[in-house]
Amino acid sequence: MSLAEVMPTDRLSAFLDDISGIETVTDPVSVRRRSRDFFWYSPILNAELSGKSADVMVRPADEAEVIRIVAAAVRHRIPITPRGG
């Protein structure tokens, strides 16, 4: 999926149904704020990513939840960007 495309609502809903019980963040303001890293330091990434953000954030509690999330993302053809803290 290119960055210019918008995630189809039905695909995202099906993904969220598959991972029910795992903590998710769907509030657009929170997701946008947490989707940003320091990409604006790169002129190339800034041009590509400015104004873009995730559709949902998922916060797995353990390895089993990570596996479940990745399997659902693959099944629904949803790209993922792993982050850790």
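Residues numbered from 1 in each chain as written. Predicted model: local features only at pLDDT ≥ 70, side-chain atom pairs only at ≥ 80, totals over all residues. Heavy atoms only, no water.

This brings us to helix H2 (residues 28-35). Where H2 is concerned, the buried positions are Ser30, Val31 and Ser35. All buried residues of H2 lie within an arc of 130° about the axis, which places them on one face of the element. Set apart from the buried face of H2 by more than 90 degrees, the exposed residues are Val29 and Arg33. (Buried < 20%, exposed > 50% of the residue type's maximum accessible area, 1.4 Å probe, protein only. Helix = DSSP H or I, 4+ residues; strand = E, 2+ residues; numbered from the N terminus. Arc of directions from axis to C-beta.)

The subject of this paragraph is the nonpolar core. Leu12, Phe15, Ile19, Ile22, Val56, Ile69, Ala72, Ala73 and Ile78 together form the largest nonpolar core, which totals nine residues. Residue assignment for this core shows that the elements contributing at least two residues are helix H1 (9-18) and helix H4 (63-75). Not counting residues up to four positions away in its chain, the partners in contact with Ile69 are Phe15, Ile19, Ile22, Val58 and Pro60. (Core = buried A, V, L, I, M, F, W, Y, C linked by side-chain atoms within 4.5 Å. Contact = heavy atoms within 4.5 Å.)

To continue, consider the pattern of salt bridges. Applying the stated rule across the entire model yields two salt bridges. Two residues, Asp18 and Arg75, come together in a salt bridge whose shortest N-O distance is 3.0 Å. Remark: Arg75 occurs in helix H4 and Asp18 occurs in helix H1; sequence separation between them is 57 residues. (Salt bridge = Lys/Arg side-chain N within 4 Å of Asp/Glu carboxyl O.)

Our focus in this paragraph is the side chain of His76. Here His76 shows up in the segment after H4. Overall, the relative accessible area of 17% leaves His76 in the buried class. Setting aside anything within four residues of it in sequence, one finds His76 in contact with Arg11, Ala14, Phe15 and Asp18.

Our next topic: the environment of Leu12. Within the fold, Leu12 resides in helix H1. Exposure remark for Leu12: the relative accessible area of 15% places this residue in the buried category. C-alpha separation for the pair Leu12 and Val56, spaced 44 residues apart in sequence, amounts to 8.6 Å.

Note: most residues except glycine have negative phi, and most peptide bonds are trans. A positive phi angle, close to 55°, is found at Arg77, a residue other than glycine. For Arg77, the location among the structural elements is in the segment after H4. The class of Arg77 is exposed, set by a relative accessible area of 65%.

This part takes up the confidence of the model for the protein. Looking at the protein as a whole, the pLDDT averages 84, with 91% of positions reaching at least 70. When mean pLDDT is compared element by element in the protein, H4 scores highest at 96, while helix H3 (residues 43-49) scores lowest at 76. Residue range residues 1-5 is modelled with pLDDT below 50. Its contacts to residues more than four positions away, or to other chains, number seven contacts. (pLDDT = per-residue confidence, 0-100.)

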